[in-house]
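# Secondary and tertiary structure notes
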Amino acid sequence: MSDLENLERSLLSEIDAADSEAAIEAVRVAALGKKGSVSDLLKTLGSMSAQDRQTRGAAINALKTRVTDAILLRKSALKDAAIAERLQRETVDVSLPVRSSPAERGRIHPITQVVDEITAIFADMGFSIAEGPDIETDYYNFTALNFPEGHPAREMHDTFFLPADESGERKVLRTHTSPVQVRTMEAQKPPIRIIIPGKTYRQDSDATHSPMFHQVEGLVVDTKANVANLRWVLEEFCKAFFEVDSVTMRFRPSFFPFTEPSFEVDIQCDRSGPIVKFGEGTDWMEILGCGMVHPNVLRAGGLDPDVYQGFAWGMGLDRIAMLKYGMPDLRNFFDADVRWMTHYGFRPLDMPTLFGGLSG
């Protein structure tokens, strides 16, 4: 038996014995690589005579072809076997439900949804969004808003005060979003049309109150703002937000330091069932406070009350979210319970719009 036949028999045996793609690759390199056994035979042709080279070269090239074909065939078989084994190992039970995507499982918190709904409504009326710091000075939180010295809201049992700084000033976690009204008037010339959604803080906690809660305020300042404009804005908002064709509202005289005159607004509703229905029934529910901006507040904002006048209103976002979507306990808003979020949350891609529907 010639040396070529012995080499071929040995290589074919190694090819048959290869049990993985890595192993067959190692055989290929050992036989056909730069320093492989077949490659070494081809290097010897240069030292042979022309007649021997013709005979020997043809035999070596034939060997190389047969080895190459055997390697490719074995490699293909091993690849198919690997795929079959992986398919067997990664069997999918098609009777199980398909796992939903994160975008499908995720939910928008009702407060975020309500902020988006309110923003869509007032943006359609020409309002912009204003924001301010959660930690406020006594001046912006109380003094600039016409709170007199000794007012109950300034007491520690109602308000979260921070320790005094080097100058003796005690900052406060804002008790309302109203400080942004004054900050906006200081920074912006009338006409002003803004809404102010944000977090506020008071020392209160039960099923309908939380130490940290959310409010939204609105402010309009120009030379002709009046109570009729205020009423129209609030009626249009309530119709759009509660998605009803009409609402009946009543304004009751009230008192707020930063507005004069001041009103509390009730909306007619039906509370006979588990969910409050607006636009129908004979019951009344108070939903917000409002009034004409007090001249002292205009002065604090750097505006002349003999030239400018305005109106403002404020409401609790948590409260109107509970009313609209039938959520009985405010504390659930902050429990981070995935089951509650799955039930009351909103799909992240269902953005509220006036033409497409606020609540999806």
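To start, this report covers the structure provided alongside it.

Conventions and cut-offs
Residues numbered from 1 in each chain as written. Predicted model: local features only at pLDDT ≥ 70, side-chain atom pairs only at ≥ 80, totals over all residues. Heavy atoms only, no water. Phe/Tyr/Trp six-rings, centres within 6.5 Å; stacked < 30°, edge-to-face > 60°. Helix = DSSP H or I, 4+ residues; strand = E, 2+ residues; numbered from the N terminus. Buried < 20%, exposed > 50% of the residue type's maximum accessible area, 1.4 Å probe, protein only. Pairing = 2+ DSSP bridges. Salt bridge = Lys/Arg side-chain N within 4 Å of Asp/Glu carboxyl O. Expected span 1.5 Å × (residues − 1). Arc of directions from axis to C-beta. Contact = heavy atoms within 4.5 Å. Polar contact = N/O pair within 3.5 Å; in protein donor to acceptor, adjacent residues only side chain to side chain. Axes fitted to C-alpha atoms, helices over the stretch in contact; angles between N-to-C directions. Parallel < 35°, antiparallel > 145°, perpendicular 65-115°, else oblique. Left-handed = near helix turned anticlockwise from the far one by under 90°. Disulfide = S-S within 2.5 Å. Core = buried A, V, L, I, M, F, W, Y, C linked by side-chain atoms within 4.5 Å.

### As for the packing of aromatic side chains
- Per the stated rule, a full pass over the model turns up 17 aromatic pairs.
- Here F237 and F241 contribute two aromatic rings whose centre-to-centre distance is 5.5 Å and whose plane-to-plane angle is 20°, an arrangement assigned as stacked. Taken together, the positions of F237 and F241, both in helix α9 (residues 227-241) and 4 residues apart, correspond to about one turn of that helix. Neither residue differs from the other here; F237 and F241 are each classed as buried.
- Look at W340 and Y344: their rings are 5.2 Å apart centre to centre, the planes differ by 45°, and that puts the pair in the tilted class. In this pair, W340 and Y344 both sit in helix α12 (residues 338-344), 4 residues apart, roughly one turn of the helix.

### Concerning the pairing of strand β11 (residues 309-316)
- In this structure, strand β6 (residues 212-222) lies alongside β11, joined through 8 bridges in antiparallel fashion. Looking at the pairing, V220 lines up with F311 of β11.
- Two elements, strand β10 (residues 283-293) and β11, share 4 bridges in a ladder whose sense is antiparallel. Directly across from G291, in β11, lies its bridge partner A312.

### A short note on the pattern of salt bridges
- As enumerated under the stated definition, the model contains 16 salt bridges in all.
- As a salt-bridge pair, E90 and R89 come within 3.8 Å of each other at their nearest N and O atoms.
- The shortest N-O distance in the salt bridge between D134 and R174 comes to 3.5 Å. One end of the pair, D134, is in the loop between β1 (128-129) and β2 (135-136); the other, R174, is in the loop between β4 (170-173) and α8 (179-187), with 40 residues separating them in the sequence.
- Salt bridges linked by common partners bring E85, R86, R89 and E90 together as one network.

### Considerations on the environment of G281
- Summarising the element assignment, G281 is placed in the loop between β9 (277-278) and β10.
- Exposure remark for G281: the relative accessible area of 32% places this residue in the partly exposed category.

### Re α9
- Over its 15 residues, α9 runs 21 Å from end to end, which matches the ideal 21 Å to within 8%, given 1.5 Å per residue.
- If you check which residues of α9 are buried, you get L230, V233, L234, F237, C238 and F241. The buried residues of α9 all sit within an arc of 125° when viewed along its axis, so they share a single face.
- Among the structural elements, α6 (110-124), β7 (249-256), β8 (259-270), β10, β11 and α11 (317-325) are those in contact with the buried residues of α9.
- Capping the start of α9, N226 holds a side-chain oxygen 3.0 Å from the backbone nitrogen of A228, two or three residues further along.
- A positive backbone phi angle near 55° is found at E243, which sits one or two residues after α9.

### Quick look at the sheet that holds β4
- Ordered in space as β2-β4-β3, the 3 strands form an open sheet in which the pairing is antiparallel. The outermost strands of the open sheet, each flanked by one partner alone, are β2 and β3 (161-164).
- Bridge count for β2 against β4 is 2 bridges, and the pairing is antiparallel. Note that in β4 the partner of E136 across the bridge is V172.

### Some words on the packing of α6 against α9
- Contact geometry for α6 and α9: axes closest at 10 Å, N-to-C directions at 130°. If you check the angle between α6 and α9, you find them oblique. For the element pair α6 and α9, the recorded crossing hand is right-handed. Side by side, α6 and α9 meet where V114, E117, I118, I121 and F122 of the first sit next to V233, F237, A240 and F241 of the second.

### Describing the state of the cysteines
- One pass over the structure, following the stated rule, counts 0 disulfides.
- Its sulfur unpaired, C238 is 10 Å from the next cysteine sulfur, which belongs to C290.
- Just so you know, C269 is unpaired, no disulfide at all, and the nearest cysteine sulfur is the one on C238, 11 Å from it.
- C269 gets classed as buried once you look at its relative accessible area, which sits at 0%.

### Some thoughts on the nonpolar core
- Core analysis: the largest hydrophobic core is formed by 47 residues, its most contacted members being I118, L234, F237, C290 and W313.
- Setting aside anything within four residues of it in sequence, one finds L234 in contact with M249, F251, V265, L288, C290 and W313.
- Grouped together as the second largest cluster of nonpolar side chains are 24 residues, A130, F161, L298 and A312 included.

### Let's talk about the side chain of E217
- Its location among the elements puts E217 in strand β6.
- Reaching out from E217, the side chain makes a polar contact with the side chain of T177 at a distance of 3.2 Å.
- Dropping the residues within four chain positions of it, E217 is found in contact with H176, T177, S178, Q181, I194, I195, I196, W313 and G314.

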